[in-house]
Amino acid sequence: MSDASGYARIEHPYAFLVKNGFIPQTATNMANSRVGHVKPKQIERLCLLLNCTPNDLFDWRPDKDSVVPDTHALHSITRTQKAKAVADLRQTRIIRDELPSKLTFT
């Protein structure tokens, strides 16, 4: 299902994440945009599920004391709008309902 912005929406993000191997606490944090850190395997899992790249998942903001040239590559992942929650991450891409059974994560 899509909302007015054209984003494909995951109706029940917590259930979607737990169904796809995320532990309940991680699923709660991701579903509520309260993620402090993400493991590389979790990034990979999200990208496989959401048919995206890691850059689609992140919003970079320089520290207040940082001096970063306007041409630096990190600016490519600076969003002009507030980052979306997991429920709103993908724009017009097919979201996998679940990972193929042959893929396993530890």
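In this report, we go over the structure that sits alongside the text. (Residues numbered from 1 in each chain as written. Predicted model: local features only at pLDDT ≥ 70, side-chain atom pairs only at ≥ 80, totals over all residues. Heavy atoms only, no water.)

A few points about the overall build of the chain
A tally of helices and strands in the chain yields 3 helices and 0 strands. The order of α-helices and β-strands along the chain, N terminus first, is α-α-α. Among the 106 residues that make up the chain, the fraction classed as buried is 28%. A separation threshold of at least 6 residues defines the contact pool for the chain, and within that pool the share at least 24 residues apart is 58%. (Helix = DSSP H or I, 4+ residues; strand = E, 2+ residues; numbered from the N terminus. Buried < 20%, exposed > 50% of the residue type's maximum accessible area, 1.4 Å probe, protein only. Contact = heavy atoms within 4.5 Å.)

Description of the nonpolar core
In terms of nonpolar packing, the biggest core is built from 13 residues, with Phe16, Leu17, Phe22, Leu46, Leu50 and Leu57 touching the most fellow members. Looking at this core, the elements with two or more residues in it are helix 1 (13-19), helix 2 (24-31) and helix 3 (40-50). The biggest single contributor to this core is helix 3, with 5 residues. (Core = buried A, V, L, I, M, F, W, Y, C linked by side-chain atoms within 4.5 Å.)

Quick notes on helix 3
Two residues of an α-helix separated by three or four positions point the same way, owing to the 3.6 residues in each turn. Among all positions of helix 3, only Gln42, Ile43, Arg45, Leu46, Cys47, Leu49 and Leu50 are buried. Close packing links the buried residues of helix 3 with helix 1 and helix 2. Note on helix 3: the residue one or two positions beyond its end, Asn51, has a positive phi of about 55 degrees.

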